[in-house]
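Fold and geometry: a report
Read off the chains here:
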2 protein chains.
Amino acid sequence: MDLIDEVLERIKPTDEENLRIKKAVEDIITKINENIHNLMAEPILVGSVAKGTHLKNPDIDIFIRFSTSYERNFIETFTLELGKKILENPVINYAEHPYVNGKYNGFDFDIVPCYYIEDSFKKITAVDRTPFHTKFVLEHLSDDGKDQVRILKQFLKGIGIYGAEAKVQGFSGYLTELLIIKYGTFENVLKEAESWRKFKIITFKDHGKNLYEKFKAPLIFIDPVDENRNVASALSLDNYSKFIHASKEFLKERKINFFFPEIHVPEKMPERNTKILHLILPRPELVDDVLYPQIRKFATTVFRNLDEFQPMDYHFYVDNFIHIIIESYFLDLPDVMVHEGPPVWDKNSENFIKKWINKCYSGPYIKDGHFYAYVERKYNTMEKKILNIVEKNSIGKDLDRIKNKLKFSRDINTIDKKELYLFMRKKFPWEY
Amino acid sequence: MDLIDEVLERIKPTDEENLRIKKAVEDIITKINENIHNLMAEPILVGSVAKGTHLKNPDIDIFIRFSTSYERNFIETFTLELGKKILENPVINYAEHPYVNGKYNGFDFDIVPCYYIEDSFKKITAVDRTPFHTKFVLEHLSDDGKDQVRILKQFLKGIGIYGAEAKVQGFSGYLTELLIIKYGTFENVLKEAESWRKFKIITFKDHGKNLYEKFKAPLIFIDPVDENRNVASALSLDNYSKFIHASKEFLKERKINFFFPEIHVPEKMPERNTKILHLILPRPELVDDVLYPQIRKFATTVFRNLDEFQPMDYHFYVDNFIHIIIESYFLDLPDVMVHEGPPVWDKNSENFIKKWINKCYSGPYIKDGHFYAYVERKYNTMEKKILNIVEKNSIGKDLDRIKNKLKFSRDINTIDKKELYLFMRKKFPWEY
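On a predicted model such as this, the values are computed, not experimentally measured, just so you know. (Residues numbered from 1 in each chain as written. Chains lettered and ligands numbered in written order. Predicted model: local features only at pLDDT ≥ 70, side-chain atom pairs only at ≥ 80, totals over all residues. Heavy atoms only, no water.)

What about the sheet that holds strand β14 (residues 370–376) of chain B?
Residue and element names in this part refer to chain B.
- Ordered in space as β12-β14-β13, the 3 strands form an open sheet in which the pairing is antiparallel. Bordering the open sheet on either side are β12 (336–343) and β13 (362–367), each of which pairs with just one other strand. Between one strand axis and the next, the sheet turns through 25 degrees on average, direction left out of account.
- In the sheet, β13 pairs with β14 via 4 bridges, with the strands oriented antiparallel. Considered in β14, the bridge of I366 is made with F371. (Pairing = 2+ DSSP bridges. Helix = DSSP H or I, 4+ residues; strand = E, 2+ residues; numbered from the N terminus. Axes fitted to C-alpha atoms, helices over the stretch in contact; angles between N-to-C directions.)

Quick notes on the interface of chain A and chain B
- On the side of chain B, 57 residues touch chain A, which itself brings 57 residues to the contact.
- Here chain A meets chain B over a buried area of about 4,700 Å², counting both sides, of which 56% is carbon and sulfur.
- On the surface where chain A and chain B come into contact, there are 4 salt bridges.
- In this structure, K367(B) and D313(A) form a salt bridge, with 2.8 Å as the shortest nitrogen-oxygen distance.
- Here chain A is connected to chain B by 27 residue pairs in polar contact (both at pLDDT 80 or more).
- Contributing elements (two or more residues each) for the side of chain A that touches chain B: α10 (237–252), β10 (311–318), β12 (336–343), α12 (349–356), β13 (362–367), β14 (370–376) and α15 (417–425) of chain A.
- Top element by residues in the side of chain A that touches chain B is α10(A). It accounts for 9 residues.
- Its residues assigned to classes, the side of chain A that touches chain B comprises 26 nonpolar, 9 polar and 22 charged. (Contact = heavy atoms within 4.5 Å. Buried area = accessible area lost by both parts, 1.4 Å probe. Salt bridge = Lys/Arg side-chain N within 4 Å of Asp/Glu carboxyl O. Polar contact = N/O pair within 3.5 Å; in protein donor to acceptor, adjacent residues only side chain to side chain. Nonpolar A, V, L, I, M, F, W, Y, C, P; charged D, E, K, R; others polar.)

Considering the packing of aromatic side chains
- Scanning all chains against the criterion turns up 63 aromatic pairs over all chains.
- Ring centres of F352(B) and F371(B) lie 6.4 Å apart, and the angle between their planes is 20 degrees; this geometry places the pair in the stacked category. Pair noted here: F352(B) is in helix α12 (residues 349–356) and F371(B) is in strand β14, with a separation of 19 residues, a long-range link.
- Exposure remark for F352(B): the relative accessible area of 8% places this residue in the buried category.
- We classify F371(B) as buried; its relative accessible area is 1%.
- Measuring from centroid to centroid gives 5.6 Å for Y365(B) and Y374(B), while their planes differ by 90 degrees, and the two rings are edge-to-face. We note that Y365(B), like Y374(B), is buried.
- Aromatic ring contacts, followed pair by pair, group F155(A), F171(A), F186(A), W196(A), Y240(A), F243(A), F250(A), F258(A), F259(A), F428(A), W430(A) and W345(B) into a single cluster. (Phe/Tyr/Trp six-rings, centres within 6.5 Å; stacked < 30°, edge-to-face > 60°. Buried < 20%, exposed > 50% of the residue type's maximum accessible area, 1.4 Å probe, protein only.)

Quick notes on the pairing of β14(A)
Residue and element names in this part refer to chain A.
- The buried fraction of β14 is high, at 5 of 7 residues.
- Relative to β14, β12 runs antiparallel, the two sharing 6 bridges. Pairing of E340 across the sheet is with Y372, part of β14.
- Between the end of β13 and the start of β14, which pair antiparallel, lie 2 residues, with D368 showing a positive phi angle near 50 degrees.

Concerning the nonpolar core
- Ranked by internal contacts, the top residues of the largest apolar core, which has 83 residues, are F109(B), F155(B), L179(B), F243(B) and F259(B).
- Ranked by the residues each element gives to this core, the list is headed by helix α7 (residues 173–183) of chain B, at 7 residues.
- Leaving out residues up to four positions away in the same chain, F109(B) has contacts with A24(B), V25(B), I28(B), I60(B), I62(B), L87(B), V100(B), N101(B), G102(B) and Y104(B).
- Formed by 68 residues, the second largest nonpolar core is a distinct cluster that contains A166(A), L281(B), Y292(B) and I386(B). (Core = buried A, V, L, I, M, F, W, Y, C linked by side-chain atoms within 4.5 Å.)

A few points about the domain arrangement of chain A
Residues and elements named next belong to chain A.
- For chain A, the domain assignment lists domain 1 (13–130), domain 2 (141–258), domain 3 (275–332 + 380–431) and domain 4 (336–376).
- At the interface, 13 residues of domain 2 touch 8 residues of domain 3.
- Taking both partners together, domain 2 and domain 3 bury about 950 Å²; carbon and sulfur atoms supply 61% of that area.
- Taken as a group, A166, K167 and H245 account for 45% of the area that domain 2 buries against domain 3, more than any other trio of residues on that side.
- The tally of links between domain 2 and domain 3 comes to 0 salt bridges.
- The interface formed by domain 2 and domain 3 contains 5 residue pairs in polar contact (both at pLDDT 80 or more).
- With 4 residues, the single largest contributor to the side of domain 2 that touches domain 3 is α10.
- The residue makeup of the side of domain 2 that touches domain 3, split by class, is 4 nonpolar, 4 polar and 5 charged. (Domains from an automatic or database assignment.)

Right under this line is the structure:
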């Protein structure tokens, strides 16, 4: 069997599953309608199921679209209350926008409030534009195109960059659909990506010049329903780069591993005389989209200030705790450091001498016309240095409050074995 | 007793010594005259004794000035042969210019050939200008000025920067004399030096602009007998800086230590968790003025290429061997290093992947849009790295020939204790 057919068979819902989905959606729509007959509002199916681009066991998104004459507070409270009544095990989620998540007939549903707007760029809440996306895709995507979307989605999942959420910083479902609408097939998208350079701009019509200056992102795909929006704005530079590389590699050698990577973690970790430090912080009660940007800020703030230890790379993962792993040439430094002072002829040189003459390890001495002294190194371990970095800098609004709970370990056995192996081995998912 | 008087008493020759010097000089002049009566040549006393600025037990310089009608080869051979006849334990020296060194009546004599030239800037050999220097100083320096020169010379000796030879890179006797002629007294010279900045230009008359661009040196003192010469050209930036600093410190606190430092080396070396590497090379048979520039080249070439070990400072000294000491944060590095590759979208990225995919420790992976890999670090000790630096670079014409004899030691007991202590403690001579 052809590789692509094999992938499709594993990911595409069967007719039987689609019937069950259809029935579940109809039930939910009916239940909503029963509760809103005296309101200016209507339920609407959106997302991948509405567009027919869903994989097996999809999340199903139902919006309730309200007239703009209702207060925001009302439509939110009403929707959340109704959702809790209709769905099993309902959970209310307040990230950017509130919604209810829950089960119905074994499927995962989100019920979300939004406003009915006439123009897609006049949105009031973050999700008012979504029905326009659904409409655009339905009008431009053929049945074969839908399967191509499914294959591209699975490829992106396989290489670890599917999803626009903060945790992933990858390709959204809508972006995947637009790429297929633009280039026709999964393979054409990859062939295009092979030629993408430092950045790539994609549009359906002429939107003028200077789009890079306007959006400042590696991939800019102008939303056909709102020219002020870059559909790919969540995509990080590294994930953009990974997609280019994966496209080239896949077109060179088509392997199932690109879609379904298999990672075997060996007993023994790589050995190379380097040092590993493990940072551990309790995970605060926050949704991922709020938490991950802060972890990223935390990790980069720390990593960028460790130069003297010659750090190599870092990685983070989250369970009940936030874990950051740093690999470095060194974790310990000498008790002294070379401290450069002003030129000898500078008016500040007298102060430098006064300050250090009786409290330095060596000097002050002269080199290349400057004063220097060997002074005490306050932060002679990476742990001490990180505590100082974290004290002087914000590591995110919520993490700042629990800074004082930061713990360190030099024992690699405190680290999740798979995370450590992937971090140390640094292969691409399809290479394992 | 006044500090300056105390210094003078210790350094100024007594009348009795000056009489003995005078007698010895007259003897040598007579002996030379007996041998050159049929030549167009004359002996002439030059140097500090001729100028009356000599310290106790001086080197005495006698030039034989020949007519320019003689071949260079002849005047050199003639002078060297004659010198060997006149002086006890004669040694012939060929640095820039050949001469005989030897003893007479307990004094150290140099006998040197030169040409009689009419204009000081029309020199043929390196030393033809010297008699003009002698004449200029005799015409411009008072008796008190001569003592001021002696004090300044001893101050420069005490702080370790007296002598224009390659080993020292400091102030020549002539430069010292010109400074006193210019500023009158030892103390005035120091007061002037307090205000010297990144560079200082001193002249007796207007020599136009752009002198810094012409001479490119921290101290530029235009030779009054040759405006194309900077008398201070041998002075290094660090010795220039040291002089400024010592001047300030002496004027703040007048101590005998500036003239006669006393260095006590303690049993125990400073401790600060750093690493010391000792490089040892046999000393080739070369005069100091040829050897020291090569050692400096050797040491700086090595030191400037050690960044990854975070070296702090280096020092060298010479006995039967050339010794270089390096203090560094590290002497050992991990077996791997982070190797940066091209951007992912670059046409060279394919070669990078091909080259490293099967021979790197980790990766290739993507970070900030670039490929990286952890590759084997070939030079994971400072010794290996230095052998590689020395192999790839010239460390001086003569040292290059004995490169292969370079030895290393991490045992600080192989290092001269005083040299090591001074290197580690890094105080100025007057501070011990």
